[in-house]
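Okay, here's what each chain looks like letter by letter:
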Amino acid sequence: MPKLRLFAVLVLALAPVEAAFASGGSSSSGPSNRIQANFTLDGESEEAGEDDGHGGGHGGGHGGGESSGDNPRAIDMPMIAVPAIEDGRLRTYLFLSVRMFAADGVDPWRLREQTHFMRDAIIRAGHRTNLADMSADRHIDEALARDILMQAIEEAVGEGRIDRLEIINVEAR
């Protein structure tokens with residue numbers, strides 16, 4: 001019998017708490033602190049990004065402008081250092097800022113979780129292959145760099161998961 005009384009006391013004691021949670025976390029009739037996000041990724045903005053001169057595939061030119069930075073499928077890679085070799089000697093290091101775009105149907109958040117694997121693959125590829133062209137304006141062979149970096153990323157996370165890659169900035173130090 002004492003267990004039944006204890007159970008009844010607990011039920012009565014917790015009833016107001018349960019009612020408060022059922023009403024949205026507040027016993028007042030004022031606004032709730034819950035936010036509902038209603039948005040979708042429409043294909044028009046992604047297609048517009050592809051038509052801005054970067055093309056599809058491995059994409060990329062110098063930068064992509066403001067619209068690519070606002071794209072929710074964009075994944076910015078932390079600064080990457082690769083050696084610049086000229087005449088068989090280390091000339092300097094190139095610091096690359098890279099932005100990738102998740103392919104359609106691929107969760108960009110899952111790819112962001114694998115950024116450290118992609119970064120490691122890019123650094124290794126940048127040490128295997130000389131990406132520098134010191135006579136070029138930005139000190140990098142951009143076409144070769146995009147191909148090598150894209151290949152390294154695909155080895156790290158799988159083929160078809162990245163739609164395109166842009167080299168945003170290159171600094172030689």
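Residues numbered from 1 in each chain as written. Predicted model: local features only at pLDDT ≥ 70, side-chain atom pairs only at ≥ 80, totals over all residues. Heavy atoms only, no water.

**A look at the overall build of the protein chain**
We count it as follows: What counts as a helix is a DSSP run of H or I of at least four residues, what counts as a strand is a run of E of at least two, and both are numbered from the N terminus. Partly exposed residues are those whose accessible area sits between 20% and 50% of the maximum for their type, while under 20% is buried and over 50% is exposed, using a 1.4 Å probe and protein chains only. For this analysis, residues touch if any pair of their heavy atoms sits within 4.5 Å. The protein chains shown are the only cover counted for residues, whose accessible areas, like all others here, come from Shrake-Rupley with a 1.4 Å probe.
A tally of regular secondary structure across the protein chain gives 6 helices and 3 strands. Mapped in sequence order, the helices and strands of the protein chain form the string α-α-α-β-β-α-α-α-β. The burial tally for the protein chain puts 32% of its 173 residues in the buried class. Taking as baseline every contact in the protein chain between residues at least 6 positions apart, the subset at least 24 positions apart corresponds to 70%. Accessible surface for the protein chain amounts to roughly 11,200 Å². Of this, 53% is attributable to carbon and sulfur atoms.

**Structural notes on the sheet that holds strand β3 (residues 162–172)**
Keep this limit in mind: Paired strands, as defined in this entry, are two strands with at least two bridges between them according to DSSP. Under this scheme, a helix contributes an axis fitted over its contacting stretch, all axes are lines through C-alpha atoms, and angles between N-to-C directions fall in the 0 to 180 degree range.
Strand order in the open sheet formed by 3 strands is β1-β2-β3, with antiparallel pairing between adjacent strands. The outermost strands of the open sheet, each flanked by one partner alone, are β1 (74–86) and β3. Ignoring strand direction, the axes of neighbouring strands in this sheet form an average angle of 30 degrees. Bridge analysis of strand β2 (residues 89–102) against β3 gives 9 bridges, and the strand direction is antiparallel. Note that in β3 the partner of L94 across the bridge is A172.

**Structural notes on the packing of helix α5 (residues 115–128) against helix α6 (residues 142–157)**
Rules: For classification, angles of less than 35 degrees are called roughly parallel, those exceeding 145 degrees roughly antiparallel, those between 65 and 115 degrees roughly perpendicular, and all remaining angles oblique. Crossing handedness follows the turn of the near helix against the far one: under a right angle anticlockwise gives a left-handed crossing, and clockwise gives a right-handed one. For this classification, Asp, Glu, Lys and Arg are treated as charged, while Ala, Val, Leu, Ile, Met, Phe, Trp, Tyr, Cys and Pro are nonpolar and the rest, including Gly, are polar.
In the contact formed by α5 and α6, the axes pass within 8 Å of each other and the chain directions differ by 135 degrees. As summarised for this structure, α5 and α6 are arranged oblique, according to the angle between their axes. α5 and α6 meet at a crossing whose hand is right-handed. Contacts between α5 and α6 involve F117, M118, A121, I122 and A125 from the former and I148, L149, A152, I153, A156 and V157 from the latter. Broken down by class, the residue content of the contact of α5 with α6 amounts to 11 nonpolar, no polar and no charged.

**Focus on the environment of H127**
Put simply, the test is: Between N or O atoms, a polar contact is any pair within 3.5 Å; within protein, one atom must be a potential hydrogen donor and the other a potential acceptor, and residues adjacent in sequence are included only when both atoms are from side chains.
Within the secondary structure, H127 sits in helix α5. Judged by relative accessible area, which is 47%, H127 ranks as partly exposed. Considered as a pair, H127 and V82 are 45 residues apart in the sequence and their alpha carbons are 6.3 Å apart. Excluding residues that lie within four positions of it along the chain, H127 makes contacts with A81 and P83. Here I123 takes part through its backbone oxygen, which lies 2.8 Å from a polar atom of the side chain of H127.

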